[in-house]
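Per-entry structural report
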Amino acid sequence: MTRGIAARLRPPAVVALVVLVMGVPLWLVVVTAAKSQGEALSPDLSLPSRWLLWENLARVWEQGDVPRAFLGSVLVVAPSVLLVLTFGSMASWVLARRATRLNAVLYACAISGIVLPPAVVTIVLLLRQLGLAGSAVGMIGVYVGIYLSTVVFFVTGFVRTVPLSIEEAARMDGAGPVRVFFSVILPMLRPVLATATILICLYVWNDVFYAFFVVGGRLDTLPLNLFQVANAGLYLNNWHLIFAYIILMSLPLLVVFAVAQRRIISGITGGAVK
Amino acid sequence: MRPAPAGAGRRTHPMWFLAPAFAILFVFFFLPTLFNFVYAFTDWSSFKSEIRPVGWDNFADLLSDGTLYGALRVTLVYAVLVALFQNLFGFGLAVLLERDTWLNRAARLVFLVPVLMSALAVGYVFQALLKPDGSLNDLLGGVLGTSVTIPWLGDTTWTLVVVALIHAWKWMGLSMLIYLAGLKTIPEDVTEAARIDGATGWQAFWSIRFPLLAPAVTFNVATALLGSMNGFDIVQATTGGGPARSTEILNIFIYRTFGQGLFAQATTMSLVLFLMVALLAFPVIRVLRKREEVV
């Protein structure tokens, strides 16, 4: 009998939990972003007396340099993800297929970055010496260096599940290693590459810590500009602008998520728990 | 599956495929790490053009004023709290939302929204929510019928716990997904068999299904621990390390001293973080590799 009650109580409990734990903070963002500065001085959950959402969005669009920051973010995220997936898969393929002692050592080195934190301060020094300080190229190199470990870890495990016979068939037809890798192996890695893409996009798109050190003040990205808007805004108590920026900045990922949620969810879980 | 013999491997799986990845790893990951071990022992700063070796001075300074011990303690406590909360919440949500009803599906999507949001943004939202005159105190006041003005982010003891809760709030959706995937891998007949043997729902859950979630627990605990030891954004956006540096985790310290031009001190702390994670990570790596061999 108790089971019946528990089962019937569950849906209302779910609704209450969602409203309290998620609804309240998200509601706060939306209503505050729609208020005038006076009303938003001390953000609360009340409705704005007049909805100024568009006006506030338009203001931060200019003040926070959103188009440039968006471009900066894309300029860094897209090449980083592309390079880390390509180079990571190439290395993983050979590491998985040639089980030599050297490769075991190389593999251990390659995945050590999953746990070991990058040396953020000396990266700056190194980039200066390389003439890459503050540049998008330097930033991309840093992100690729940080997330290669993740890709190598996921992809090497996956390659081992791809039967060798598929490669051998292509090789019989006279395909060299480059052909075999790009036209046979790479397409088969799609599920695991999807997982890696999602996770790395998430981290790089939202990263502000590494960006501070490498490109802070020289290149605009969305999180860096949020930090600027917020620092200026907190000083002036411009919560309405901070929250308007948060909405603008979160929208791209939320839209991607809304469109592809099923694939994203199965992507994340498929790679993590096999 | 037998790997190709070494001679044939050279032709079919040439080692130069490793070159781009390892070149980047070397330049952008290993070399800076190596530099950490060098520049932590110098007086590198923005105030002098020369960089000279100073031996263990940086460590001695950080040790003598208690900064090193303080930052280490705060970071470890923060990491453990985050791992605990994130897994408790994620696990609770997974169990609550396990059945595939439309309501549960929708709720899962809502809990994933913070995972997608920037951690910095999440931090600002909670800074507004937790102000002494903020909405949480308003809500509490409404329930209790008095005015509540708890300074959630202004307490030198408890604010660290509050910030860890915020960190867990942001990432609990991801843990939930992984626990859900773990629960799905447990065949229905296992639970069924236990029930036929007379186990109650509660017993069947804790003695049969929970142990089978081990891989998901490993993954979630490891990622939460490592993620929070490398944390920065949420603490920066909620407290900036305060009050009185009671939430100053290592990365906040590194960022602050770097901003002040004290590059050698920042490097020293970066090295400390590296060593701490390396020491704690070896068991974690072993577990990850073992898991991978099983797969």
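Naming follows an unreviewed UniProt entry, where chain B appears as Sugar ABC transporter permease of Nonomuraea rhodomycinica. Per its UniProt entry, chain B bears the Sequence similarities (unreviewed entry) comment "Belongs to the binding-protein-dependent transport system permease family." According to its UniProt record, chain B has this under Subcellular location (unreviewed entry): "Cell membrane".

Under an unreviewed UniProt entry, chain A has the name Carbohydrate ABC transporter permease and belongs to Nonomuraea rhodomycinica. If you open the UniProt record of chain A and go to Subcellular location (unreviewed entry), you find "Cell membrane". Under the UniProt heading Sequence similarities (unreviewed entry), the note attached to chain A is "Belongs to the binding-protein-dependent transport system permease family."

Structural notes on the overall build of chain A
A tally of helices and strands in chain A yields 13 helices and zero strands. When its helices and strands are written in sequence order, chain A yields α-α-α-α-α-α-α-α-α-α-α-α-α. Whereas a compact globule of 274 residues would reach a radius of gyration of roughly 19 Å, chain A reaches 23 Å, over 25% beyond that. Over its C-alpha atoms, taken along the principal directions, chain A stretches across nearly 75 × 70 × 30 Å. Residues counted as buried form 48% of the 274 residues belonging to chain A.

Let's talk about helix α8 (residues 159-184) of chain B
End to end, α8 of chain B covers 37 Å across 26 residues, agreeing with the expected 38 Å (1.5 Å per residue, within 8%). Here α8 of chain B lies mainly inside the structure; 22 of its 26 residues are buried.

A few points about the nonpolar core
Formed by 175 residues in total, the largest nonpolar core has its most connected members in A91, I123, L148, L226 and Y245 of chain A. Take this core: its biggest share by element is 16 residues, from α8 of chain B. Beyond its immediate sequence surroundings of up to four residues, L226 of chain A is in contact with Y245, I246 and M249 of chain A together with S118, L120 and A121 of chain B.

Comments concerning the UniProt feature "transmembrane region" (unreviewed entry) in chain A
Residues and elements named next belong to chain A. UniProt annotation of "transmembrane region" (unreviewed entry) refers to residues 12-34, 69-93, 105-127, 133-159, 180-205 and 239-260 when read in the numbering used here. Structurally, residues 105-127 comprises 65% helix and 0% strand, and the distance from its first C-alpha atom to its last is 27 Å. End C-alpha to end C-alpha, residues 133-159 measures 36 Å, and it is 89% helix and 0% strand.

A word on the confidence of the model for chain B
All names here are of chain B. Looking at chain B as a whole, the pLDDT averages 87, with 94% of positions reaching at least 70. Least confident of the elements in chain B is helix α1 (residues 6-12), whose mean pLDDT is 69; most confident is helix α2 (residues 19-39), at 94. Quick note on the complex model: pTM equals 0.89, ipTM equals 0.89.

A look at the interface of chain B and chain A
Of the residues lining the interface, 77 residues belong to chain B; the matching set on chain A comes to 74 residues. Top element by residues in the side of chain B that touches chain A is α2 of chain B. It accounts for 14 residues. Its residues assigned to classes, the side of chain B that touches chain A comprises 58 nonpolar, 15 polar and four charged.

Some points on the environment of A78 of chain A
Position of A78 of chain A among the secondary structure elements: in helix α4 (residues 66-97). Along the backbone, A78 of chain A and L106 of chain A are 28 residues apart, and their C-alpha atoms lie at a distance of 27 Å.

Overview of unusual backbone geometry
Residue and element names in this part refer to chain B. Between G242 and the following residue, P243, the backbone shows a cis peptide bond with an omega angle of -5°. By the element assignment, P243 lies in the loop between α12 (233-238) and α13 (250-259). One non-glycine residue, A244, lies in the positive phi region at around 55°. The topology assignment puts A244 in the loop between α12 and α13.

A short note on the UniProt feature "transmembrane region" (unreviewed entry) in chain B
Those residues carrying the UniProt feature "transmembrane region" (unreviewed entry) are residues 16-39, 76-97, 109-130 and 262-285 of chain B in this numbering. Along residues 109-130 of chain B one finds 86% helix and 0% strand; the C-alpha atoms at either end are 25 Å apart.

Notes on the packing of α4 of chain A against helix α10 (residues 190-206) of chain A
Residues and elements named next belong to chain A. At a minimum axis distance of 10 Å, the contact between α4 and α10 shows a crossing angle of 145°. Here α4 runs over α10; the crossing is right-handed. Contacts between α4 and α10 involve S73, V77, S80, V81, V84, L85 and S89 on the former and, on the latter, L193, A196, T197, I200, C201, V204 and W205. Tallied by class, the residues present in the contact of α4 with α10 amount to 10 nonpolar, four polar and no charged.

Definitions and cut-offs
- Residues numbered from 1 in each chain as written.
- Chains lettered and ligands numbered in written order.
- Predicted model: local features only at pLDDT ≥ 70, side-chain atom pairs only at ≥ 80, totals over all residues.
- UniProt positions renumbered as here; feature names shortened; annotations may be inferred.
- Helix = DSSP H or I, 4+ residues; strand = E, 2+ residues; numbered from the N terminus.
- Rg over C-alpha atoms; globule rule 2.2 N^0.38 Å.
- Buried ≥ 20, exposed ≤ 12 C-beta atoms within 10 Å, placed from the backbone.
- Expected span 1.5 Å × (residues − 1).
- Core = buried A, V, L, I, M, F, W, Y, C linked by C-beta atoms within 7 Å.
- Contact = placed C-beta atoms within 7 Å.
- pLDDT = per-residue confidence, 0-100.
- Nonpolar A, V, L, I, M, F, W, Y, C, P; charged D, E, K, R; others polar.
- Axes fitted to C-alpha atoms, helices over the stretch in contact; angles between N-to-C directions.
- Left-handed = near helix turned anticlockwise from the far one by under 90°.

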